[in-house]
Structures are given as structure tokens and as C-alpha cells.
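Remarks on the overall topology
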Amino acid sequence: MSQNQSGYGQPPQPPAMSPPQYAGEIPGQQSSWPTVIGIILIVLASLGLLSNLCGGVAAVFMPAIMGAVGNAAPKDDAMIKVQLDMATRFMPFNLANALILIVLGVILLIAGIGVTRRRRSGVAKAKLWAISRILWSIPAAYATFVITNETIKLMQQAAADSGKPMPGGG
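Residues numbered from 1 in each chain as written. Predicted model: local features only at pLDDT ≥ 70, side-chain atom pairs only at ≥ 80, totals over all residues. Heavy atoms only, no water.

1. Notes on the overall build of the protein
Check the secondary structure of the protein and you find 4 helices and 0 strands. Across the 170 residues in the protein, those meeting the buried criterion constitute 27%. Long-range contacts, defined here as pairs at least 24 residues apart, represent 73% of the contacts in the protein between residues at least 6 apart. Carbon and sulfur atoms form 67% of the exposed surface of the protein, whose accessible area is close to 12,400 Å². (Helix = DSSP H or I, 4+ residues; strand = E, 2+ residues; numbered from the N terminus. Buried < 20%, exposed > 50% of the residue type's maximum accessible area, 1.4 Å probe, protein only. Contact = heavy atoms within 4.5 Å. Areas by Shrake-Rupley, 256 points an atom, 1.4 Å probe, with all protein chains shown as cover.)

Rendered as C-alpha cells:
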């Protein structure tokens, strides 16, 4: 009897290296895109949180900083007065904007963590963040446009009244 043949009445023995006898699910490697997208969302959220926390703090302390600069500058400096007035006048908007963007940053951070962990809720939170961010950007952009135009107009008027040129832009 040869090695490949079985004895009479015994089931045949398959060769040592044979393909599977029954079709089954072939295990595959998990896709890596959720991890990559999740990490990108986490990084963007972290940068946004840091930026808006600093922006909110700056909005609170800007009048005090401008006042300190105003005390160091000549008392009749119209530019410093205009900038101090504008910083004080629009502080509520700047604070509200910073707080809203901080909340949106937290939502994005939670979404990024969820996507990285392959949770469906992460995708839902990312969609919520995207829609909310787009909706908030419209009034925020308009308010920023109005504030900037008003600031420039008042600074030009102050420069014309004082006879000094407007400060350079950068």
C-alpha cells in the first residue's frame, strides 16, 4: 500500500497541503481610513480649541491691554482711544464667538475619537459639527465684516481729525 492510499474501510486521508474543503469567510485586514480620518479630526479639534481658548482670553483682556498701551501713549492719541472703544464695544460678540467655537471644537474632538474607535456615533457627531460650523460661519463672517469696516472707518476718521497718518497694517 502506498502512502496516499488508505486502508480498506478507512476514510481517505487528504494530503498534508490541501486547500480548504469548505468555502468560508476569508479574514481580511481592517481598513485604516477611520484611524487616519479620526486622527485628522482630533488634530483639527485640538488646534481649534487652543485657538479659540486663546481668542476668548484675549477678548477678555484686550480692553485692559489697550488701556495699558493708552496710558503709555500720549493722552490725546485718538487711535488708541478708537481701538479701546472697539475692543470694549465688541467684546460680547468676541466672547460669544469664542464660546460657540469652543463647543464646536469639543464636538469635533468627540467625533474624532469616535471615528478612531470606529463608532457610528463619531460619524454622526462629525456631521453635526460640519453642519453647525457652516451655519455659524455665516453670521460670524457678517459680524466680522461689520466690525472690521466700522473699525477702519473710525480709525480713518480719528487719523483725519488728529492730522496723523493711520498706523500701518502689519
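Additional details are given in the paragraphs that follow.
2. Observations regarding helix α4 (residues 120-162)
Between its first and last C-alpha atoms α4 spans 61 Å; for 43 residues at 1.5 Å apiece the expected length is 63 Å, and the two agree. The axis of α4 is deflected most strongly, by about 30°, at Ser137, and proline Pro139 appears within four residues downstream. Among the residues making up α4, those that are buried are Gly122, Ala126, Trp136, Ala140, Ala143, Ile147, Glu150, Thr151, Met155, Ala158 and Ala159. Where α4 ends, the next residue or the one after it, Gly163, has phi of about 80°, a positive value. (Expected span 1.5 Å × (residues − 1). Bend = angle between axes of the 7 residues up to and from the residue.)

3. What to know about helix α3 (residues 91-116)
A rise of 1.5 Å per residue sets the reference length of α3, with its 26 residues, at 38 Å; its end C-alpha atoms lie 37 Å apart and thus fit the reference within 8%. Immediately beyond the C-terminal end of α3, within one or two residues, lies Arg118, with a positive phi of roughly 65°.

4. Some thoughts on the layout of surface pockets
Quantified by volume, the largest pocket comes out at close to 220 Å³. Taken together, Ala59, Met62, Met66, Gln83, Met86, Ala87, Phe90, Met91, Asn94, Ile147 and Thr151 form the lining of the largest pocket. Of all the elements in the fold, those that place two or more residues in the lining of the largest pocket are α1 (33-72), α2 (78-89), α3 and α4. Each residue belonging to the lining of the largest pocket can be placed in one class, and the counts come to 8 nonpolar, 3 polar and no charged. (1 Å grid on protein atoms, 1.4 Å probe; cavity = no way out; pocket = protein on both sides within 12 Å on 5 of 7 lines; lining within 4 Å. Points joined across faces, edges and corners; volume = space filled by probe spheres on them. Nonpolar A, V, L, I, M, F, W, Y, C, P; charged D, E, K, R; others polar.)

5. A word on the pattern of salt bridges
All told, the structure shown has 1 salt bridge when counted by the stated rule. Among the salt bridges present, the one from Glu150 reaches Arg89, with a minimum N-O distance of 2.4 Å. Here Glu150 is found in helix α4, whereas its partner Arg89 is found in helix α2, with 61 residues between them in sequence. On the basis of relative accessibility, which here comes to 41%, the residue Arg89 falls in the partly exposed class. (Salt bridge = Lys/Arg side-chain N within 4 Å of Asp/Glu carboxyl O.)

6. Here we look at the packing of α2 against α4
In a packed pair of helices, the relevant descriptors are the angle between the two axes and the axis-to-axis distance. Between α2 and α4, whose axes approach to 9 Å, the crossing angle comes to 155°. As far as their axial angle goes, α4 and α2 are roughly antiparallel. When you trace α2 past α4, the crossing you get is right-handed. Residues Ala78, Met79, Val82, Gln83, Met86 and Arg89 of α2 pack against Ile147, Glu150, Thr151, Leu154, Met155, Ala158 and Ala159 of α4. (Axes fitted to C-alpha atoms, helices over the stretch in contact; angles between N-to-C directions. Parallel < 35°, antiparallel > 145°, perpendicular 65-115°, else oblique. Left-handed = near helix turned anticlockwise from the far one by under 90°.)

7. A look at unusual backbone geometry
Backbone geometry places Arg118, a non-glycine residue, at a positive phi of 65°. Relative to the assigned elements, Arg118 resides in the loop between α3 and α4. The exposure class assigned to Arg118 is partly exposed, which follows from its relative accessible area of 38%.

8. Brief notes about the nonpolar core
In globular proteins that are soluble, nonpolar side chains generally tend to be buried together. Core analysis: the largest hydrophobic core is formed by 15 residues, its most contacted members being Met79, Val82, Phe93 and Trp136. Elements with a minimum of two residues in this core: α2, α3 and α4. No other element matches the 7 residues that α4 contributes to this core. Every residue in contact with Trp136, bar those within four places of it in the chain, is listed here: Phe93, Asn97, Ile100 and Leu101. Core analysis: the next-biggest nonpolar cluster, separate from the first, contains 6 residues, Leu41, Ala45, Val115 and Ala126 among them. (Core = buried A, V, L, I, M, F, W, Y, C linked by side-chain atoms within 4.5 Å.)

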